[in-house]
Every structure is written in structure tokens, then in C-alpha cells.
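Residue-level listing of the chains:
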Amino acid sequence: MSDVNSPLTVLTVHAHPDDEASKGAPTLAKYKAEGARTVLVCATGGEEGDLHNPTLRDEGQPFHGMTPEEEKVKVASLREAELAASAAVIGFDEVVMLGYRDSGMAETEPNEHPNCFHQADLDEAVGRLVAVIRRVRSQVIITYGDDQKGYPHPDHLKVHDISVLAFDRAGDPEWYPELGEPFEPAKLYYAVWAKARILAVHEAMLKYTGESPFSEEWLEREGQDHRITTKIEVGDFQWARTGALRAHATQIDPSAGWWFGLDDQQLAETYPWEDWILARNRVGPIPEDDSERDLFAGLRAEVDA
Ligand SMILES: [Zn+2]
């Protein structure tokens, strides 16, 4: 069972630098503010990222006049520093790089690179994550869900796969006996973008700006809202998402309505939640509805009278 001698710690596993900004930043900032320890694991260095911020090609900007090949090299060289800046905004206590190469989008040449995450031996990759879990003793682990039809990036699929196996193996002394003292994490959560959030943001964008970045395809896509167990109120922590996204200057267009169409206050009024699916729980039952309001529910020590 969980270890009350360890500080409350949440570990979130991501595929690329910038994923931590777009998925869960307000929740992690909130737990940091409450005194929990927060750890970010990033599987790859984001080497395949393109320049998504056209303003950096303007006169006097660092990418001015570059060829696409030169841009790619420069973007790759900047991503770790951008990640550090983003992690500082969110307030992560530690950032751990798993050390794999970005695999690129599905069915592209970088999928074949021998050092890429997609090609990594599964047990070996799980071991790298198990070693981190055993060292930081995180009771809560956050990862991507089992349904990634909306964005089937090979690195995101593999983050899910290694996280579930690491959750199972970290406490098992038979697995990786050389990688630290076994520690059994208590709860495993999947990140999810609620359909309710997408619809609310869509309506608010129409109201405030007259246009919405969400296409019909997005609006008609089947949601996973019926699977949501846990809603974290993050209305006061939208700045973590905004600031972390802006820290990834090469990856995020600062004028993109997709990211910045609503300001923090509007977003907080529109949809003040981040939603999570509790996939595994060793300290209690999985709620049958979306009534849980704390990732550490069931793990907080009884307060002495
Ligand atoms: Zn990613």
C-alpha cells in the first residue's frame, strides 16, 4: 500500500517538450501551490518539431532567412531550454528526460531511427520509467489514455504503454532488481480533453471573438466524458497553461486562437476544470461517476487531533 512517509508526489509522463504545457499544466501548478512535489518525465527531446511560430521568421528574429533544414536544426537545439522555461512556470520540482529521440508523426521516416522512442525496446523503456518512480516515490502517476484516436502520435501511444507497465512493475521486486528499491504507486490517471470543454470553449470563442478554431470534425468527434472520474478546479491556475505554452516559443504561434483565443479569465469562467480518468486505484474503488475532486484522494494522512 502507499507509503505515508513519502511526501505527496505526482509524476506526469509526457512524450515531447510542450506536451506538459498543453495537457495538465494548471492541475500540476495547483498541486505545487498546495505543497505537493511535482515531477515531469519527458520521453523524447522533441527533435522532429517544426517551427510553428511564424513571427520568429520576421526581420531581426532568430529564424529570419533560414532554409527549412536550418530551421529544423535550430528548433531542435532550442527545445530543451524551452522545456526548462515551461517547467519553471508550472513549478515542477524536477524534470527527467528519458533520453529517447522524437519518432516524428506516424508513418514518417524518423519512425525508423534506431534511437527513437518508437523503436525502443519496451521492457527497457519501462525500466527507465520504473527507476524514476522508485527514486521519487510518486503515489500518483499521470499519463495519456488508452484511446488516442484523436492524435495517434507513436510517441504518445508509447507513453501510455510504458506508463501502465511501469505502474504495475515499480512495486514488483522481480522486475528490474538493479533499478532501485521497489515502490508501489497508488493511482494512475489518464489525461483527457473533455468534449464538454471543447464545446464550452467553442461557444465562448464565438461569443467573444466571433470565430472558433474548432472544426466540425472536432465538434462531432465522440467524447470520452462518460469515462471521467475526477475534475480538478483550476480556475485560478490558467496562467500556468498560458505561460508554459508561451515558453515553447518555437512551437506555439502567439496569435493562435486555438491556444490563446480566450484569456485566462475568460477560460476560467468558461470551463474551470481539468478532467481526468482514474484508470487504476490501489487505495480504494474507482468512482462510477465524475465525483472525485482530488488526485490524492485516499492518500492524505489522517490529521491528528
Ligand atoms: Zn507530443
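What counts as what
- Residues numbered from 1 in each chain as written.
- Predicted model: local features only at pLDDT ≥ 70, side-chain atom pairs only at ≥ 80, totals over all residues.
- Heavy atoms only, no water.
- Pairing = 2+ DSSP bridges.
- Helix = DSSP H or I, 4+ residues; strand = E, 2+ residues; numbered from the N terminus.
- Axes fitted to C-alpha atoms, helices over the stretch in contact; angles between N-to-C directions.
- Contact = heavy atoms within 4.5 Å.
- Donors = N, O, S within 2.8 Å, 3.2 Å for Na, K, Ca; no water.
- Tetrahedral: all angles 85-135°; square planar, octahedral: opposite > 155°, others 65-115°.
- Buried < 20%, exposed > 50% of the residue type's maximum accessible area, 1.4 Å probe, protein only.
- Parallel < 35°, antiparallel > 145°, perpendicular 65-115°, else oblique.
- Left-handed = near helix turned anticlockwise from the far one by under 90°.
- Nonpolar A, V, L, I, M, F, W, Y, C, P; charged D, E, K, R; others polar.
- Core = buried A, V, L, I, M, F, W, Y, C linked by side-chain atoms within 4.5 Å.
- Expected span 1.5 Å × (residues − 1).
- 1 Å grid on protein atoms, 1.4 Å probe; cavity = no way out; pocket = protein on both sides within 12 Å on 5 of 7 lines; lining within 4 Å.
- Points joined across faces, edges and corners; volume = space filled by probe spheres on them.
- Phe/Tyr/Trp six-rings, centres within 6.5 Å; stacked < 30°, edge-to-face > 60°.

K.L.:
How should the sheet that holds strand 5 (residues 187-192) be read in this particular structure?
P.N.:
Sheet strands associate in pairs through backbone hydrogen bonding, adopting either a parallel or an antiparallel arrangement. An order of 3-2-1-4-5-7-6 is seen for the 7 strands of this open sheet, with the pairing classed as mixed. Each edge of the open sheet carries a strand with a single partner, namely strand 3 (94-100) and strand 6 (230-233). The mean inter-strand angle of the sheet, taken between neighbouring strand axes irrespective of direction, is 25°. Pairing geometry for strand 1 (residues 9-14) and strand 2 (residues 37-44), over 6 bridges, is parallel. Bridging across to strand 2, Thr9 finds its partner in Arg37. Those strands touched by helix 4 (residues 122-136) are strand 1, strand 2, strand 3 and strand 4 (140-144), and its axis lies near 165° from that of strand 3.

K.L.:
Help me understand the coordination of the zinc ion, please; the structure alone is not making it clear to me.
P.N.:
Each donor-metal-donor angle would ideally measure 109.5 degrees in four-coordinate tetrahedral geometry, or 90 or 180 degrees in six-coordinate octahedral geometry. Coordination of the zinc ion by the protein is provided by His16 (ND1), Asp19 (OD), Asp19 (OD) and His156 (NE2), with metal-donor distances spanning 2.1 to 2.6 Å. Every donor counted, the 4 donor atoms about the zinc ion form angles of 54 to 143° at the centre, which fits irregular coordination. When the donors of the zinc ion are listed by position in the chain, the intervening gaps give H-x2-D-x136-H. Highlighted residues: His16 in the loop between strand 1 and helix 1 (19-22) and His156 in helix 5 (residues 154-169), separated in sequence by 140 residues. Here the two residues His16 and His156 agree in accessibility, since each one is buried.

K.L.:
Whenever I open this one, the packing of helix 3 (residues 68-90) against helix 8 (residues 238-247) confuses me. Can you help?
P.N.:
Packed helix pairs are characterised by how far apart their axes lie and by the angle those axes make with each other. Where helix 3 contacts helix 8, the two axes come as close as 8 Å, and the packing angle between them is 165°. Overall, the two elements helix 3 and helix 8 adopt an arrangement that is roughly antiparallel. Seen along the crossing, helix 3 lies across helix 8 with a hand that is right-handed. Contacts between helix 3 and helix 8 involve Glu82, Ala85, Ser86, Val89 and Ile90 from the former and Trp239, Ala240, Gly243, Ala244 and Ala247 from the latter. Of the residues assigned to the contact of helix 3 with helix 8, the class counts are 7 nonpolar, 2 polar and 1 charged.

K.L.:
Explain the nonpolar core here, please?
P.N.:
Grouped together as the largest cluster of nonpolar side chains are 35 residues, with contacts concentrated most on Leu11, Val41, Phe117, Leu129 and Ile133. Where this core is concerned, the elements lending two or more residues are strand 1, strand 2, strand 3, helix 4, strand 4, helix 5 and strand 5. Here this core gets 7 residues from one element, more than from any other, and that element is helix 4. Those residues within four positions of Val41 in sequence are excluded, and the remaining contacts are Leu11, Thr12, Val13, His14, Val96, Leu98, Leu129 and Val132. If you look at the next biggest cluster of nonpolar residues, it comprises 32 residues, including Ala21, Ile90, Ile232 and Leu299.

K.L.:
Honestly, helix 2 (residues 25-33) in this entry has me stumped. Any pointers?
P.N.:
Side chains of residues three or four places apart in an α-helix project in the same direction, reflecting 3.6 residues per turn. Of all 9 residues in helix 2, 7 are buried; the element is thus mostly enclosed. If you check which residues of helix 2 are buried, you get Ala25, Pro26, Thr27, Leu28, Ala29, Lys30 and Tyr31. Backbone geometry just after helix 2 places Gly35 at a positive phi near 105°.

K.L.:
Please explain helix 6 (residues 195-209) as it appears in this structure.
P.N.:
In this model helix 6 runs 21 Å from its N-terminal to its C-terminal C-alpha over 15 residues, within 8% of the 21 Å that 1.5 Å per residue would give. When we look at burial in helix 6, the residues that qualify are Lys195, Arg197, Ile198, Val201, His202, Ala204 and Met205. Where helix 6 is buried, its residues touch helix 7 (216-220), helix 8, helix 9 (257-260) and helix 10 (264-270). Directly after helix 6, the chain includes Gly210, whose backbone phi takes a positive value near 85°.

K.L.:
How should empty space enclosed by the protein be read in this particular structure?
P.N.:
With a probe scaled to a water molecule rolled over the atoms, the places where space remains empty come into view. Counted according to the given criterion, the structure contains 1 cavity of 30 Å³ or more. Counted as a void, the largest cavity has a volume near 120 Å³. The wall of the largest cavity is formed by 13 residues, among which Arg197, Val201, Arg241, Trp258 and Trp259 lie closest to the centre. At the level of elements, helix 6 and helix 9 are the ones that each hand at least two residues to the lining of the largest cavity. Its residues assigned to classes, the lining of the largest cavity comprises 9 nonpolar, 2 polar and 2 charged.

K.L.:
How should I be thinking about the packing of aromatic side chains in this particular structure?
P.N.:
Here the distance between the centres and the angle between the planes together describe a pair of aromatic rings. Evaluated as defined, the whole model comprises 10 aromatic pairs. Consider the rings of Phe214 and Trp258, whose centres lie 4.9 Å apart with planes at 50°: the pair is tilted. Highlighted residues: Phe214 in the loop between helix 6 and helix 7 and Trp258 in helix 9, separated in sequence by 44 residues. Look at Phe214 and you get buried, because its relative accessible area is 8%.

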